[in-house]
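Here is what each chain is made of, one letter per residue.
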Amino acid sequence: MSTSLAPASSAIDPSRVDGKPGGERRATQVRGGALLAAGALAALVAGACGGRVVVDGFEPPPDGSGSSGGSWSSGDTASSVPQGSSGAGEGGSIGEGGAPPIPPLVKEEHDDVGIDGAIPVTVQPGTLGFTAVAEIMASSPSFDPIGIESILGPDGRLLAADYTIPGTMAAFFNQGIGAAAVPQTGADASAPLAPGVYWIKLGNGGVGPLEEPVRLSVWHRRTLDGRFHGGKIDINAFIAGDAVSEQYMRRALLSAYEGYVGLGVGSINVHHIGSEWEFVDEEVLPGVLEQTAGAPGRPALNVIAVTAFGGSIAQASGVTPAVPSVAVEHGTHLSGIVVTLYEEPSVDTVILRHELGHLAGLFHTTEFDADFGDPLDDTSQCGDVNSLMERCPDFGNLMFPTGGDFSGAMTPQQAAIVRASALYRGIVEQGGGAAVPLPADADTPASGAPIAPPAPGEGARSFAPDRLASTAALPPHAAALLAGHFCGQSAARGADFDELLRAAGADVDRLLAVGRDPGAPAYVRARALTAAGRAATRSSASARVIAELQALAADPRLPRRARLGAVEGVASASPAAARALAARLTADADGVVERMAARAAAR
């Protein structure tokens, strides 16, 4: 795998000016170009060319006929690796039946498409949902914008327009690749989808003519009867440097995803990437996602564990590059989620599940900007997250922007969206078996032996008062922020964690007190110390604060995570102090602390 950094300037919302791709295009112009009259639709149907179809874990009959639910395509077909007698993947206990009688996941491929017309996609009966992926076909991952400009349903209703779903802060485009899914709204979350012809229009935000060909791939999720019957999530775990131990990574993944919306865990393959990827900011994010190239299996969830985030995504504990991202292709700028794990099982479960929700197509129930939230009918929304926080009606939901009360609650429509995604190897009938993976790159080895399931109580749990005991000196909203999950999607949309803390009443001395508290969880101490350094720039006692942060960063008795928070706090307060601290920590017994201090000093 390559370890060179990609020359990215932004991995989230590229070419976005004044909230729109390309800046100069107005929503009315874009939507007007996407609405097609009935006569134009008929003309497109008559001239439409069929896409190439690839099936997941299914060998079609020789005559090309399908099972119930209609036929697929007269185009080329390709089956996955030879299927075993059970048709099931490794691990888990869901659906160990026979081989699927129909393909649970079908890739419909349209090569060398343009951005001047809509592409017809036929949805068959029994389809739970589909994921559309537009990608610039270049010799290496492109940094030019591309995405799904609009999706028109068979009833003439716009499901997406202007690269978004209104009110969601969605952006269905990115660098070199963009994706959108149906369903992502409450109106379409009931299974199965309405069959018929859906029209997908691609675009690049009006930045100019395309210089490379573009491919549209549409992944259809189907079952025999249009109902969900389970499946397996295969996982490729990437550990950057010494971000987390392989043993803990495996247990955290199994704890988070076994039973998630009725899915089981299939194979878990662990890969190690260099320590240069331990620290990720918006410049590095595309490059670290490219490290998933060559990972085994499709569909498969790529989870990259890093030590810390910085830049515009500082203080985040998880980042998903877009909603949705992709689990059906590796090495792209949407190929997975990036997390920092705190070795606090209840917290890490929420981080992993929350970010997987984004990858599958879930938005925050409410954003920090209260004018935005998800488009679902069965989730509550909060009038003002900043002032209400733990009193918000949706605080109990997994997709609350801070992870909520850590109970991991989801609504039926949220579960339906995840189940309709291209995330997993599906089961098409009650008691059936999951499809085998599509072929993997031959030179990518699998690793690791099966591990025991998590002990009872290791999953998500309530946001209990004892978790806030160490932050009792803080106002409740500030305590909830420090102890919760801060999502990179919030940071990318303009939410500043430290400003949110300050607005909630967390002054520098209170933050230092939390950072010194040995009874506080290490990740809470780390966040407090980083925030204290940033607050020090506005404090008359900045010299005192910096000196205390330097002392804490150099104290080997502190947990690594807390020391790293102090390192980042020093760097935020004073570049000169950061350089002095890096010199002091040269040859520190903890190599991660030493490397992160050196990196902070060089920024």
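Here, every reference points to the structure presented above.
The text that follows walks through the structure, step by step, so that each part is easy to find. (Residues numbered from 1 in each chain as written. Predicted model: local features only at pLDDT ≥ 70, side-chain atom pairs only at ≥ 80, totals over all residues. Heavy atoms only, no water.)

**Concerning the packing of helix α11 (residues 508–516) against helix α12 (residues 522–536)**
Axis separation between α11 and α12 bottoms out at 8 Å; the angle between their running directions is 150 degrees. Taken as axis vectors, α11 and α12 run roughly antiparallel relative to one another. In terms of crossing hand, the pair formed by α11 and α12 is left-handed. Of the residues in α12, those touching α11 at V508, L511, L512, V514, G515 and R516 are V524, R525, A528, L529, A531, A532 and A535. (Axes fitted to C-alpha atoms, helices over the stretch in contact; angles between N-to-C directions. Helix = DSSP H or I, 4+ residues; strand = E, 2+ residues; numbered from the N terminus. Parallel < 35°, antiparallel > 145°, perpendicular 65-115°, else oblique. Left-handed = near helix turned anticlockwise from the far one by under 90°. Contact = heavy atoms within 4.5 Å.)

**Remarks on the pairing of strand β4 (residues 105–113)**
Put simply, side chains in a regular strand alternate between the two faces of the sheet. Burial of β4 is extensive: seven of the nine residues sit out of reach of the surface. Sheet topology note: the β4/strand β12 (residues 214–222) ladder contains seven bridges and is antiparallel. Of the residues in β12, the one forming a bridge with K107 is W219. (Buried < 20%, exposed > 50% of the residue type's maximum accessible area, 1.4 Å probe, protein only. Pairing = 2+ DSSP bridges.)

**Here's the deal with the packing of aromatic side chains**
Counting across every chain of the model gives eight aromatic pairs. Aromatic side chains Y257 and Y260 sit 6.1 Å apart centroid to centroid with 70 degrees between the ring planes, which places their arrangement in the edge-to-face category. One aromatic cluster in this structure is built from F368, F486 and F497. A cation sits over an aromatic face here: R221 above Y424, 3.8 Å from the ring centre. (Phe/Tyr/Trp six-rings, centres within 6.5 Å; stacked < 30°, edge-to-face > 60°. Lys NZ or Arg CZ within 6 Å of the ring centre and 35° of its normal.)

**Focus: unusual backbone geometry**
Note the cis peptide between V182 and P183, where omega equals 10 degrees. Mapped onto the secondary structure, P183 falls in the loop between β10 (177–182) and β11 (196–203). Of note, the bond from V323 into P324 is cis; its omega dihedral lies within 30 degrees of zero at 5 degrees. You can see P324 is positioned in the loop between β18 (318–319) and β19 (337–339). One non-glycine residue, D112, lies in the positive phi region at around 50 degrees.

**With respect to the pairing of strand β13 (residues 231–240)**
Most of β13 is tucked away, with 10 of its 10 residues classed as buried. The alternating pattern of β13 places G231, I233, I235, A237 and I239 and K232, D234, N236, F238 and A240 on opposite faces, both of which are buried. Where β13 meets strand β20 (residues 425–426), two bridges bridge the pair, whose relative direction is antiparallel. When the sheet's bridge partners are listed, K232 is paired in β20 with R425. Relative to strand β14 (residues 264–273), β13 runs parallel, the two sharing eight bridges. Residue pairing across strands places I235 opposite I268, the latter belonging to β14. Handedness of the β13-helix α3 (residues 246–257)-β14 crossover: right-handed. (Right-handed = clockwise from strand over helix to strand, strands pointing away.)

**Digging into the packing of helix α14 (residues 560–573) against helix α15 (residues 575–584)**
Relative orientation of the contacting elements α14 and α15 amounts to 140 degrees, with a least axis distance of 5 Å. Here α15 runs oblique to α14, going by the angle between their axes. Crossing hand, α14 versus α15: left-handed. Within the contact between the two elements, α14 uses V567, V570 and A571 and α15 uses P575, A577, A578 and L581. In terms of residue class, the contact of α14 with α15 is made up of seven nonpolar, no polar and no charged. (Nonpolar A, V, L, I, M, F, W, Y, C, P; charged D, E, K, R; others polar.)

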